Amino acid sequence: MSSQPHTVLPWVVRRTRLPLLSLRCVDCGSESATTGEGRFRVNANGKLLDVWLLVRCVSCDRTGKLTVHERAPVRSFDPAELHGYRVNDPELVAARLLDPLLARRNRFTLDWTGAWRLDTPSARLDEAWPVQVEVVFEDPVPVRPERLIAQGLGLSRNEVLRRIKCDIPLRRPTSAGFTFTVMAGD
Ligand SMILES: [Zn+2]
């Protein structure tokens, strides 16, 4: 008899686009903004640089600025990073937007609705239970494990609670990788 799972399935959570920002517009009061394609603005003031990431209200198109660097000495910048700001490098846009520091500093939260997907192996193995699943996050999307597991396995929430063994709380949103074990059904 063996209760050790022999199959480990990889699940991957990744973004499909940049998330929106929950950020109140000072003009129209809407609570949703977008970085669009992603544009930085760099302003030199002597040997100091300001760098902003531009955002746009999704309702009225008002443009706003998120502070990325404020009066930072030019020499403190990695030249590659500085170049990235000047050419609006999409990877750098994503990295800055998803950096919790930027969100704290500019008082917004990310709205991930419809901006991510869960990739699971399609072949369903007729192998013995239990099965272990390892969830990896390529992007810091906050998900409720209970809902993610229900979606990924096509199970009801009740079944999830009955058949899943997991070391982390299933109801608390997380964006850190975790593993869980699926026990045999009835
Ligand atoms: Zn607006």
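Just so it is clear, the structure is predicted and the values come from calculations on it, not from any experiment.

Side note on the pairing of strand β4 (residues 40-45)
Where β4 lies against strand β5 (residues 48-57), six bridges are found, and the strand directions are antiparallel. Across the sheet, the residue bridging to Val 42 is Val 51, located in β5. Between β4 and β5, which pair antiparallel one after the other, the connecting turn spans two residues, and Gly 46 there sits at a positive phi close to 65 degrees.

What to know about the coordination of the zinc ion
Coordination of the zinc ion by the protein involves Cys 25 (SG), Cys 28 (SG), Cys 57 (SG) and Cys 60 (SG), with metal-donor separations of 2.3 to 2.4 Å. Sequence spacing of the donor residues for the zinc ion, all on one chain, is C-x2-C-x28-C-x2-C. One end of the pair, Cys 28, is in the loop between β2 (20-22) and β3 (32-34); the other, Cys 57, is in strand β5, with 29 residues separating them in the sequence. For Cys 28, a relative accessible area of 38% gives the class partly exposed. Classification of Cys 57 as buried rests on a relative accessible area of 5%.

Let's talk about the pattern of salt bridges
According to the stated counting rule, one finds 11 salt bridges in the structure shown. The shortest N-O distance in the salt bridge between Arg 96 and Glu 81 comes to 3.1 Å. Highlighted residues: Arg 96 in helix α2 (residues 90-97) and Glu 81 in helix α1 (residues 79-86), separated in sequence by 15 residues. Assigned by exposure class, Arg 96 and Glu 81 land together as buried. Within this structure, Arg 14, Arg 117, Asp 119 and Glu 138 form a network of salt bridges that share partners.

As for the sheet that holds strand β1 (residues 7-15)
Read across the sheet, five strands follow the order β8-β1-β9-β11-β10 without closing on themselves; strand pairing throughout is mixed. Both edges of this open sheet fall to β8 (116-119) and β10 (164-166), since each of them pairs with a single strand only. Across the sheet, the mean angle from the axis of one strand to that of its neighbour is 25 degrees, orientation sign disregarded. Two elements, β1 and β8, share four bridges in a ladder whose sense is antiparallel. Bridge pairing links Val 13 to Leu 118 in β8. Helix α4 (residues 145-153) contacts β1, β8, β9 (131-137), β10 and β11 (178-182) of the sheet and is inclined by roughly 55 degrees relative to β11.

With respect to the side chain of Arg 163
Examined against the element boundaries, Arg 163 turns out to sit in helix α5 (residues 157-163). Despite its burial, Arg 163 remains without a salt bridge, the nearest opposite charge being carried by Glu 159 at 4.1 Å.

Basis of the calculations
Residues numbered from 1 in each chain as written. Predicted model: local features only at pLDDT ≥ 70, side-chain atom pairs only at ≥ 80, totals over all residues. Heavy atoms only, no water. Pairing = 2+ DSSP bridges. Helix = DSSP H or I, 4+ residues; strand = E, 2+ residues; numbered from the N terminus. Donors = N, O, S within 2.8 Å, 3.2 Å for Na, K, Ca; no water. Buried < 20%, exposed > 50% of the residue type's maximum accessible area, 1.4 Å probe, protein only. Salt bridge = Lys/Arg side-chain N within 4 Å of Asp/Glu carboxyl O. Axes fitted to C-alpha atoms, helices over the stretch in contact; angles between N-to-C directions. Contact = heavy atoms within 4.5 Å. Lys, Arg positive; Asp, Glu negative; His and termini not counted.

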